[in-house]
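# A look at the structure
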Amino acid sequence: MRTRAEAGKRRLIAGIAVAAAVWLLAGCSSSDSGLSGADASYDTGGEYAESDAMAEEAMAEGGDGAEAYNAGETPDDNRAVIVTGSMYMTVDDPRAAANEAASVVRHAGGRVDARSETAPSEYDGGQAWLTLRIPSDDLEAVVDDLRDLGTVDEFSTQSSDVTRAVTDLEAQISTLEASTARIQALLLEAGDIEDIIVLENELDNRQAELESLQARERGLSDQVALSTIELSLTTEPVVDVDDSPASFWDGLVSGWEALLGFLSGLLVITGVLLPWAALAGVVGILAWLIVLAVRRRRPRREAADAAEPTAASAEQP
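Residues numbered from 1 in each chain as written. Predicted model: local features only at pLDDT ≥ 70, side-chain atom pairs only at ≥ 80, totals over all residues. Heavy atoms only, no water.

## Thoughts on the nonpolar core
- The biggest cluster of nonpolar side chains holds 21 residues, and the ones touching the most others in it are Met87, Met89, Leu132, Ile134, Leu146, Leu231 and Leu233.
- Elements supplying a minimum of two residues to this core: strand 1 (81-90), helix 4 (94-107), strand 3 (127-135), helix 5 (139-147) and strand 5 (226-234).
- In this structure, Ile82, Val162, Leu220 and Val224 belong to the second largest nonpolar core, which totals 12 residues. (Core = buried A, V, L, I, M, F, W, Y, C linked by side-chain atoms within 4.5 Å. Buried < 20%, exposed > 50% of the residue type's maximum accessible area, 1.4 Å probe, protein only. Helix = DSSP H or I, 4+ residues; strand = E, 2+ residues; numbered from the N terminus.)

Structure follows, in structure tokens:
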């Protein structure tokens, strides 16, 4: 059995080991705090206020990439830029245009994150809104295809350079992975139950923090790879104009225009009916001539029929 002195000695050694692990992890924790501050100081111009300690840590962990990070000079090919924008369009059929826009984006390798539609009403022909995620390399080509859907009323984009945030996240993840591996090694060597509990708690905290950083990195990577465009599709509004006369002169003008409209319509109707009236007149004349001829033949026939009995009686002795 161990004596109290031996047990105390082992606890002292384990405590020193844990303290050393915590001290090694202090740099990662301070770096994480620095990133939060950088996120808070982010503005529309894409600038970050970062401390010298963060730059030095990125240099120590990132090699050549960290040197560019420290100098503030990152090659264009390695820059991480988030592009967002909005496009407002007037189309004939918002629903059909939305379907075509979604097809264009999917064909380019993107996706539709959100979509909503409203039915046509007495004021407009309906509306549609889409949140489009378009591959950044194909953004200009896809936008040109979307312009063919109708009339572009407004289009704007904003760019945010998050290269430093991505570099800092990568450095923190690398540091945290190394510290997690060291705690796991200490856990394998620990023999006292109290030391094991302390190390396991610390390992759980490190792993949770690591997963959080990795999730943030994936989110940034997704925003950089796929630009976000908010697309609005509407129709021309239906304008209800009240053109009723408001004064005597307006009434007079309105009555005169109504009279001219009536006469114009009457002339149109007359022009349509005139050929039919001419045809009816010709048919009527022909019918009258036939009736007249029949009437002229009837007296002659009656006279001839009356003369025939008289001649027959004269021939008898």
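## Side note on the environment of Val105
- Relative to the elements of secondary structure, Val105 occurs in helix 4.
- Of the residues examined, Val105 reaches a relative accessible area of 1% and is grouped as buried.
- Beyond its immediate stretch of four places on either side in the chain, Val105 contacts Gly110, Arg111, Leu132, Arg133, Ile134 and Val142. (Contact = heavy atoms within 4.5 Å.)

## Re the environment of Ile229
- Considering the arrangement of structural elements, one finds Ile229 in strand 5.
- A C-alpha to C-alpha distance of 9.6 Å links Ile229 and Phe155, two positions 74 residues apart in sequence.
- Those residues within four positions of Ile229 in sequence are excluded, and the remaining contacts are Gly85, Met87, Leu130, Thr131, Leu132, Ile134, Leu139 and Thr157.

## Some points on the packing of aromatic side chains
- Evaluation of the coordinates by the stated rule reveals 0 aromatic pairs.
- Above the face of the Phe155 ring, Arg147 is positioned so that its terminal group lies 5.3 Å from the ring centre. (Phe/Tyr/Trp six-rings, centres within 6.5 Å; stacked < 30°, edge-to-face > 60°. Lys NZ or Arg CZ within 6 Å of the ring centre and 35° of its normal.)

## Examining the sheet that holds strand 3
- Pairing within the open sheet is mixed, and its 5 strands lie in the order 2-3-5-1-4. A strand with exactly one partner marks an edge of an open sheet, and here the two such strands are strand 2 (111-118) and strand 4 (151-161). Strand-to-strand twist across the sheet, computed as the mean angle between neighbouring axes with direction ignored, equals 10°.
- Across 10 bridges, strand 1 lies against strand 4 in antiparallel orientation. By the bridge assignment for strand 4, Met87 is matched with Phe155.
- Contacting strand 1, strand 3, strand 4 and strand 5, helix 5 runs over the sheet at an angle of about 5° to strand 1. (Pairing = 2+ DSSP bridges. Axes fitted to C-alpha atoms, helices over the stretch in contact; angles between N-to-C directions.)

## Concerning the confidence of the model for the protein chain
- Residues at a pLDDT of 70 or more form 67% of the protein chain, whose mean pLDDT is 76.
- Across residues 1-9, confidence stays below pLDDT 50; counting only partners more than four residues off in sequence or on other chains, it has 3 contacts.
- The model gives residues 17-72 a pLDDT under 50, and that stretch makes 71 contacts with residues more than four places away or in other chains. (pLDDT = per-residue confidence, 0-100.)

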